[in-house]
Amino acid sequence: MNENQKNSLGMPTSYMLMPSANSIYYPNFQADSRQRGEFATHHFWATRYKANELYAAGDYPNQGKKGRGLPQYIADNESLDNEDLVVWYTYGVTHIPRPEEWPIMTVHPAGFKIMSWGFFDQNPVLNVPKNNLENS
């Protein structure tokens, strides 16, 4: 949200993350994959923008050590107020296959939307001229 930009109702303009179905990260807490991929232990992270912080698991996750990437990026507990932000959203699907899905598995969509919140005073399509609607 941008505290410096208010909408017609006096509220800050912002964006909203709308997740769809998601799953928890199942590897054991001592598993090597969990140690190197700690970003997957939480669905949502937010950090200040820094040009050298590019990868949620750190620069070299297959050779890295515990605590690299997002856990390292947030370790300093910097304030996010009035800063350029990076939102890190982790999503996935835990799929238990059925016999009917072998050898070709069906698609299981996963995703999210980022929606504006409070940028407009009303629905922006309310002002579309009628003749434009007839020609589409």
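Up top is the structure.
Observations regarding the overall build of the protein chain
Part 1 of the reasoning: Counting its secondary structure elements, the protein chain contains three helices and five strands.
Part 2 of the reasoning: N-terminal to C-terminal, the α/β element order of the protein chain is β-β-α-β-α-β-β-α.
Part 3 of the reasoning: For 136 residues, the compact-globule estimate of 2.2 N^0.38 gives 14 Å, and the protein chain exceeds it by more than 25% at 21 Å.
Part 4 of the reasoning: Dimensions of the protein chain along its principal axes, counting C-alpha atoms only, are 60 × 50 × 20 Å.
Part 5 of the reasoning: Buried positions account for 17% of the 136 residues belonging to the protein chain.
Part 6 of the reasoning: Within the protein chain, contacts between residues at least 6 apart in sequence are counted, and of these 62% link residues at least 24 apart.

Some words on the sheet that holds strand S5 (residues 112-117)
Part 1 of the reasoning: Across the sheet, three strands lie side by side as S1-S2-S5; this open sheet has antiparallel pairing. What marks the edges here is a single partner per strand, and that holds for strand S1 (2-6) and S5. Averaged over all adjacent pairs, the angle separating strand axes in this sheet is 40 degrees, with direction ignored.
Part 2 of the reasoning: Where S1 lies against strand S2 (residues 12-19), two bridges are found, and the strand directions are antiparallel. Of the residues in S2, the one forming a bridge with Lys6 is Pro12.

Thresholds, definitions, all that
Residues numbered from 1 in each chain as written. Predicted model: local features only at pLDDT ≥ 70, side-chain atom pairs only at ≥ 80, totals over all residues. Heavy atoms only, no water. Helix = DSSP H or I, 4+ residues; strand = E, 2+ residues; numbered from the N terminus. Rg over C-alpha atoms; globule rule 2.2 N^0.38 Å. Buried < 20%, exposed > 50% of the residue type's maximum accessible area, 1.4 Å probe, protein only. Contact = heavy atoms within 4.5 Å. Pairing = 2+ DSSP bridges. Axes fitted to C-alpha atoms, helices over the stretch in contact; angles between N-to-C directions.

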